[in-house]
Amino acid sequence: MKKRSLGLLMALALLLPAALAQATTTTVMMYMCGTDLQSACVMDMYEMASVDVPDDVTIAVQAGGAYQWDDSDLTPNALTRFTIADGGFYDLEVLDWASMGEQQTLVDFLEWGVSNHPADRYMLVLWNHGGGAASGVCFDETADYDSLTLHELNDALYQFTQSRPGFRFDVIGFDACLMATYETAAHMRYYADYMVASEELEPGIGWNYDGWLSALSDQPDMDSQSLAVAV
């Protein structure tokens, strides 16, 4: 009996590290400003929804900056927050109007995303038109095309990270044109380990979400550099 008990304990001890080893959890925060690209924006959301993401990966979205949306779950002239999983939009929350080009709007989204969807690592993606260091990103058509200038973006990230000492994004991405400038990278280095952006014009449909989200879903433990390369 003692030998059998000892053998069982040894077997459990060998299995314990595997049982305790959990996949890296990732929250992808999508800050999606629709503007005149809202149709492509919705298509990208559908593309995300088509990926069978595991429980280790959360896609948290804020959609705004558009007079109309091609999906009835999204509310025009307002902010809609939700998660994307299992082929649909979940936990829908409609907020009062605010400009997606305002610093505080981004800060509020980051607070919501991190507080409601805690994870081992975080990826922030800003989706819309981009104008590089000259005019920034996320031009809100409901606010006279107000955009997040590079300084406003920096100040929003500074304000957020100051409230959470030691916090860094693993990846900050710009699904927008012309954002891979020296000035952008010089600011983002304070807030993220990796930046993904384009030096050139992008097609309206933007990134291949099916491709890199599928890669992440297949290998949730991939390191952040590999995740950035997958994008």
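Counting starts from 1 at the beginning of each chain's written sequence and moves along it residue by residue. Whole-chain, interface and lining totals are the exception, using all residues; otherwise, since this is a predicted model, local features are given only for residues with pLDDT of at least 70 and side-chain atom pairs are given and counted only at 80 or more. No hydrogens and no water enter the side-chain calculation; it runs on all heavy atoms of the structure.

### A look at the overall build of the chain
Note the cut-off: The numbering of helices and of strands both runs from the N terminus, where a helix is a DSSP run of H or I of at least 4 residues and a strand a run of E of at least 2. Burial classes follow relative accessibility: with a 1.4 Å probe on protein chains only, a residue under 20% of its type's maximum area counts as buried, one over 50% as exposed, and anything between as partly exposed. Values of accessible area rely on a 1.4 Å probe in the Shrake-Rupley scheme; residue burial ignores everything except the protein chains shown. For this count, His and the chain ends are skipped, Lys and Arg are scored as positive, and Asp and Glu as negative. Lys charges are placed at NZ, Arg charges at CZ, Asp charges at CG and Glu charges at CD.
Scanning the chain from terminus to terminus reveals eight helices and nine strands. Looking at the chain as a whole, 50% of its 231 residues are labelled buried. Only carbon and sulfur atoms are counted for the fraction: they give 53% of the accessible area of the chain, which is about 11100 Å². If the 8 positive side-chain charges of the chain are averaged to one point and the 34 negative ones to another, these points end up 27 Å apart.

### Some remarks on the confidence of the model for the chain
This is how it is decided: Known as pLDDT, the predictor's per-residue confidence is scaled from 0 to 100. We call two residues contacting when some pair of their heavy atoms lies within 4.5 Å.
Summary statistics for the chain give a mean pLDDT of 93 and a share of 91% for residues scoring 70 or more. Segment residues 1–16 is flagged for pLDDT under 50; beyond a separation of four residues in sequence, or across chains, it makes zero contacts in the model.

### Structural notes on helix α7 (residues 209–218)
What counts is decided by this rule: The arc in question is the one spanned by the directions pointing from the helix axis to the C-beta atoms. Any N or O atom pair separated by 3.5 Å or less is treated as a polar contact, with the protein-specific requirement of one donor-capable and one acceptor-capable atom, and with residues adjacent in sequence counted only for side-chain atom pairs.
Burial in α7 covers these residues: Tyr209, Trp212, Leu213, Leu216 and Ser217. Looking down the long axis of α7, one finds its buried residues gathered within 140° of arc, a one-sided arrangement. Close packing links the buried residues of α7 with β1 (26–33), α2 (38–49), β2 (57–64), β5 (121–127), β8 (169–175) and α8 (224–230). A distance of 3.4 Å separates the backbone nitrogen of Asp210 from a side-chain oxygen at the start of α7, and that oxygen is part of Asn208.

### Here we look at the nonpolar core
Proteins that are soluble and globular tend to have nonpolar side chains buried together. This is how the line gets drawn: Buried residues of nine kinds, namely Ala, Val, Leu, Ile, Met, Phe, Trp, Tyr and Cys, make up a nonpolar core once their side-chain atoms join them within 4.5 Å.
Counting residues in each nonpolar core, the largest one holds 35 residues, and the members touching the most others are Met30, Met45, Ile84 and Tyr209. Of all the secondary structure elements, the ones that give two or more residues to this core are β1, α2, β2, β3 (79–85), β5, α7 and α8. If you tally residues by element for this core, the top one is α2, at six residues. When near neighbours in sequence (up to four residues on either side) are disregarded, Met45 contacts Met32, Ala63, Trp69, Leu74, Phe82, Ile84 and Phe89.

### Looking at a nonpolar patch on the surface
Applied cut-off: Each patch is assembled from residues with relative accessible area greater than 30% and no salt bridge, linking like charges that lie within 9 Å and nonpolar side chains (Val, Leu, Ile, Met, Phe, Trp, Tyr) that lie within 5 Å. Salt bridges are defined as contacts in which a side-chain nitrogen from Lys or Arg sits within 4 Å of a carboxyl oxygen from Asp or Glu.
Taken together, the side chains of Met43, Tyr46 and Ile205 present a nonpolar region at the surface, about 270 Å² in accessible area. For Tyr46, the position within the fold is in helix α2. Since its relative accessible area comes to 36%, Tyr46 is described here as partly exposed.

### Quick look at the sheet that holds strand β4 (residues 88–95)
To be explicit about the condition: Strand pairing requires that DSSP identify at least two bridges connecting the strands. Axis definition: a line fitted to C-alpha atoms, over the contacting stretch in the case of helices. Angles run 0 to 180 degrees between N-to-C directions.
Across the sheet, seven strands lie side by side as β4-β3-β2-β1-β5-β8-β9; this open sheet has mixed pairing. Across the chains shown, the open sheet's two edge strands, defined by having one partner strand only, are β4 and β9 (192–196). Sheet twist, expressed as the mean angle between neighbouring strand axes with direction ignored, is 15°. Here β2 runs beside β3; their pairing, made up of five bridges, is antiparallel. The residue bridging Ala60 from the neighbouring strand is Thr83, located in β3. Against the sheet, helix α3 (residues 103–116) touches β1, β2, β3, β4, β5 and β8, its axis set at about 155° to β1.

### Some remarks on unusual backbone geometry
Although it is not a glycine, Tyr145 sits at a positive phi angle of roughly 60°. Overall, Tyr145 belongs to the partly exposed group, its relative accessible area being 44%. If you check the backbone angles, Leu178 has positive phi at about 65° while not being a glycine. Checked against the element boundaries, Leu178 lands in the loop between β8 and α6 (182–188). Of the residues examined, Leu178 reaches a relative accessible area of 33% and is grouped as partly exposed.

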